[in-house]
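# Descriptive analysis of the structure
The residues making up each chain are set out below.
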Amino acid sequence: LMKLEQNDEYRVKTTQELLEKLYNMGLIQEKKNLKSVNRLTVSSFCRRRLPVIMVRLNMADNLKEAISLVQAGHVRVGTQPVSD
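Residues numbered from 1 in each chain as written. Predicted model: local features only at pLDDT ≥ 70, side-chain atom pairs only at ≥ 80, totals over all residues. Heavy atoms only, no water.

## Details of the overall build of the chain
Within the chain, the regular secondary structure consists of 5 helices and 2 strands. Expected size for 84 residues packed as a compact globule is a radius of gyration near 12 Å; at 17 Å, the chain overshoots this value by more than 25%. Expressed as lengths along the three principal axes of its C-alpha atoms, the size of the chain is roughly 50 × 25 × 15 Å. Looking at the chain residue by residue over its 84 residues, the buried ones come to 23%. Look at the contacts in the chain between residues 6 or more apart in sequence, and 8% of them connect residues 24 or more apart. Only carbon and sulfur atoms are counted for the fraction: they give 51% of the accessible area of the chain, which is about 6,800 Å². (Helix = DSSP H or I, 4+ residues; strand = E, 2+ residues; numbered from the N terminus. Rg over C-alpha atoms; globule rule 2.2 N^0.38 Å. Buried < 20%, exposed > 50% of the residue type's maximum accessible area, 1.4 Å probe, protein only. Contact = heavy atoms within 4.5 Å. Areas by Shrake-Rupley, 256 points an atom, 1.4 Å probe, with all protein chains shown as cover.)

If you want it as structure tokens, here you go:
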């Protein structure tokens, strides 16, 4: 996207959609420009996974246990059980 002209219609639309999605996921702090997207790492996506969050909150002793709990359907987000 950064290689396209700044006023290109496709770039503007796609950039807005990408920034909105990443902002809603909590991966970026502000929806200003693509520079914040360049700073994203793979680990920032991995930290957002439910089992990782469960281990951080001491809901499970380790990642393997947290994954097992999620896969078995023992975890709920709101009223919905999560199984994947």
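## Focus on unusual backbone geometry
Backbone geometry places asparagine 58, a non-glycine residue, at a positive phi of 60 degrees. When you line up the elements, asparagine 58 lands in the loop between α4 (50-56) and α5 (63-71).

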